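Commentary on secondary and tertiary structure
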Amino acid sequence: MPNIVVVGAGVAGLTSALLLSRDKSNKVTIVARHMPGDYDIQYTSPWAGANVLPMSAAPGSRWERETWPELQRLASEVPEAGIHFQKAMVLRRPKKEVSASTVVGKPAALSESLFDGNPWFRELMPDFRDLPADEVLEGYASASEFTSVCINTMLYLPWLVGQCRANGVVLRRAVLAHIADAAAYANLQVQSDGTTTPATGLDHSNTIIVNCTGLLACRLGGVMDSAVQPVRGQVVVVRDELSPMLTSDSVDDAYGEAPQTEIFYNMTRAGGGGTVIGGTYQLGNWASEPDLNTAARLLARMAATHPTLRAAGKTAADLDVIRHGVGLRPYRAGGVRLESEQIDLHGGSGKVWVVHNYGHAGWGYQGSYGCSNRVVELVAEIVGKA
Ligand code: FAD
């Protein structure tokens, strides 16, 4: 029986643990510094919107293709998961001639393929249509619309924990200095008083560590991945409900360096979770505090653009703010790391397998099932079941 230790309780770790625990021959433990319910700048998942706006390059990755059907099923059939359908509208600005002197840096973009005029995902996302000119919002050259979902992460992450527990997954708080330290939590035993104790004398030939440490993969001993950096995302959450979810390829109001680091989107979370208004896309920025000038611009842009707010004559001052937030997307130069390797256990006591699943930048939810399916395959290859 493989003893699997998943490090991390963000969307990557919880989804990996859930899919692994569906095979009853796996004994799965999750160890994590942060768990659902925590809000910390080093824990990305609670800060996400989160919605599905496909971002991978054409012809589309397996990660998003395999995730969409499951999120669609959860939105249709499992209300307690906290996911609902919302229309998404992708807005494209007119292409402008820009002189070299006006270019300060590469404009911020979640993804170039998301804004492609003929995107690969027109076959994947339901009800996809290119809007006729008279439906395109003022100031934009073209737009497309499709049915997507918005995930209320405050409901969805605890729901994932519940699904894991129902499958026998054991969860334990721990801060690991080195990825090999995770082996000590293999086959953790739950005592009658609810505490957990390590299994004694365990032979680690059956131990597999799954590394879902997100941004902190850049600081974890034995991993220290220098390709991983934060992409800072600042948001404002308001009580107002907005439909559709808008997203635009750029902002056209120049505020210093803002055009390079500010993006434009909104999504209303299921089950009274409020509406997330974004945002920023600041590579290499670890700042945890929201900047209130930035927040004012995000609200003003939304009030000036969103048809629901314009029809109601609402300005930024009318938006009913619940809170400001900042999350750090776990960006990885070269893309997500999904592979296995063998590393040394401490004290020369042999080797242990590690499966890596981190570096999902701004698409960790919308790629979560596809990536976790790959984790299951990699584990099966290690135990010789593939
Ligand atoms: P995390 O959620 O950060 O989890 C990492 C886990 O590892 C934590 O439990 C942590 O405690 C643990 N850990 C790390 N190091 C250690 C250690 N040494 N010892 C023990 N435990 C450790 N994605 C979408 O799909 N759609 C969206 O609309 C979307 N919107 C976003 C908006 C914002 C503002 C932001 C910031 C992100 C958004 N994302 C979105 C991206 C998404 O949130 C991330 O890709 C995803 O949450 C990453 O999840 P993760 O599990 O890899 O990392």
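All values reported here derive from a predicted model rather than from experimental measurement.

A closer look at the packing of aromatic side chains
Enumeration over the complete set of coordinates arrives at seven aromatic pairs. Here Trp-120 and Phe-121 contribute two aromatic rings whose centre-to-centre distance is 5.8 Å and whose plane-to-plane angle is 90 degrees, an arrangement assigned as edge-to-face. Judged by relative accessible area, which is 11%, Trp-120 ranks as buried. Judged by centre distance (5.9 Å) and plane angle (5 degrees), the ring pair of Phe-128 and Phe-146 falls under stacked. Pair noted here: Phe-128 is in the loop between strand S3 (83-92) and strand S4 (129-130) and Phe-146 is in strand S5 (residues 142-151), with a separation of 18 residues, a long-range link. In this pair, the class of Phe-128 matches that of Phe-146, namely buried. Every member of this aromatic cluster is reached through a ring pair, and the members are Trp-120, Phe-121, Phe-128 and Phe-146. Sitting over the ring of Trp-286, Arg-219 keeps its end group 4.2 Å from the ring centre.

Re the environment of Met-154
Considering the arrangement of structural elements, one finds Met-154 in helix H3 (residues 153-166). In the structure, Met-154 is positioned 73 residues away from Ala-81 in sequence and 9.9 Å away in space, judged by C-alpha atoms. Discounting chain neighbours no more than four positions away, the residues touching Met-154 are Tyr-39, Arg-269, Gly-273 and Arg-323.

Here's the deal with the pairing of strand S16 (residues 337-344)
As defined by bridge partners, S16 adjoins strand S17 (residues 351-358) across eight bridges and the pair is classed as antiparallel. Following the sheet pairing, Glu-341 is matched in S17 by Val-354. Connecting S16 to the next strand, S17, in antiparallel fashion are six residues, including Gly-347 with a positive phi near 70 degrees.

Brief notes about the site of the ligand
Around the ligand sit 39 residues, and of these His-34, Ser-45, Asn-51, Leu-176 and Ala-361 come closest. Within the backbone of Arg-33, a nitrogen or oxygen atom sits 3.0 Å from a nitrogen atom of the ligand. Contact distances for the ligand include 2.9 Å between an oxygen atom and a backbone N or O atom of Gln-366. When the ligand is considered free in solution it has 1,000 Å² of accessible area, and contact with the protein chains removes 98% of it. Only helix H1 (11-21), strand S10 (228-238), strand S12 (262-268) and strand S15 (321-332) provide two or more residues apiece to the shell around the ligand. Sorting elements by how many residues they give to the shell around the ligand places S15 first, with four residues. Residue classes in the shell around the ligand are distributed as 22 nonpolar, 15 polar and two charged.

Brief notes about the nonpolar core
Formed by 71 residues in total, the largest nonpolar core has its most connected members in Val-6, Leu-71, Leu-74, Ile-83, Tyr-156, Leu-160 and Tyr-369. Looking at which element gives the most residues to this core, the answer is H1, with seven residues. With residues up to four places along the chain from it excluded, the contact list for Val-6 reads Gly-13, Ala-17, Leu-20, Val-28, Thr-29, Ile-30, Val-31, Val-210 and Cys-212. Membership of the second largest hydrophobic core comes to 26 residues, among which are Ala-174, Leu-215, Val-223 and Val-352.

Quick look at the packing of H1 against helix H7 (residues 368-382)
At their nearest, the axes of H1 and H7 sit 9 Å apart, and the two run at 55 degrees to each other. Considering their axes alone, H1 and H7 lie oblique with respect to each other. With respect to the hand of their crossing, H1 and H7 are arranged in right-handed fashion. For the pair formed by H1 and H7, the contact residues are Val-11, Ala-12, Thr-15, Ser-16, Leu-18, Leu-19 and Leu-20 on the first element and Ser-368, Tyr-369, Ser-372, Asn-373, Val-375, Val-376 and Val-379 on the second.

What about the pattern of salt bridges?
Between side chains of opposite charge, pairing is possible as soon as their charged atoms come close. Under the defined criterion, the tally for this structure stands at 20 salt bridges. A salt bridge links Glu-341 to Arg-337; its shortest N-O distance comes to 3.5 Å. Looking at Glu-341, the relative accessible area reads 26%, which means it is partly exposed. Through salt bridges with shared partners, a single ionic network connects Arg-62, Glu-66, Arg-374, Glu-377 and Glu-381.

Some thoughts on the sheet that holds strand S2 (residues 27-32)
On the basis of which strands lie adjacent, the open sheet formed by six strands has the order S6-S2-S1-S9-S17-S16 and mixed pairing. Only two strands of the sheet have a single neighbouring strand rather than two, namely strand S6 (170-173) and S16. Across the sheet, the mean angle separating the axes of adjacent strands is 20 degrees when strand polarity is ignored. Examined bridge by bridge, strand S1 (residues 3-7) and strand S9 (residues 207-211) share five bridges and lie parallel to one another. The partner of Val-5 across the bridge, within S9, is Ile-209. Its contacts with the sheet put H1 on S1, S2, S9 and S17, and the angle it makes with S2 is roughly 170 degrees.

Notes on the side chain of Arg-92
For Arg-92, the location among the structural elements is in strand S3. The charged side chain of Arg-92 is buried without a salt bridge, its nearest counter-charge being Asp-130 at 4.7 Å. Of note is the side chain of Arg-92, whose polar atom sits 2.6 Å from the side chain of Ser-144. Beyond its immediate sequence surroundings of up to four residues, Arg-92 is in contact with Phe-115, Asp-116, Gly-117, Tyr-140, Ala-141, Ser-142, Ala-143, Ser-144 and Asp-249.

Section: the pairing of S1
Counted residue by residue, S1 has five buried out of five residues, so it is predominantly covered. Side chains of S1 alternate between two faces, with Asn-3, Val-5 and Val-7 and Ile-4 and Val-6 buried alike. Pairing between S1 and S2: five bridges, direction parallel. Bridge pairing links Val-6 to Ile-30 in S2.

Reading guide: rules and limits
Residues numbered from 1 in each chain as written. Predicted model: local features only at pLDDT ≥ 70, side-chain atom pairs only at ≥ 80, totals over all residues. Heavy atoms only, no water. Phe/Tyr/Trp six-rings, centres within 6.5 Å; stacked < 30°, edge-to-face > 60°. Buried < 20%, exposed > 50% of the residue type's maximum accessible area, 1.4 Å probe, protein only. Helix = DSSP H or I, 4+ residues; strand = E, 2+ residues; numbered from the N terminus. Lys NZ or Arg CZ within 6 Å of the ring centre and 35° of its normal. Contact = heavy atoms within 4.5 Å. Pairing = 2+ DSSP bridges. Near = heavy atom within 4 Å. Polar contact = N/O pair within 3.5 Å; in protein donor to acceptor, adjacent residues only side chain to side chain. Areas by Shrake-Rupley, 256 points an atom, 1.4 Å probe, with all protein chains shown as cover. Nonpolar A, V, L, I, M, F, W, Y, C, P; charged D, E, K, R; others polar. Core = buried A, V, L, I, M, F, W, Y, C linked by side-chain atoms within 4.5 Å. Axes fitted to C-alpha atoms, helices over the stretch in contact; angles between N-to-C directions. Parallel < 35°, antiparallel > 145°, perpendicular 65-115°, else oblique. Left-handed = near helix turned anticlockwise from the far one by under 90°. Salt bridge = Lys/Arg side-chain N within 4 Å of Asp/Glu carboxyl O. Lys, Arg positive; Asp, Glu negative; His and termini not counted.

All we've got here are geometric facts, nothing functional implied.
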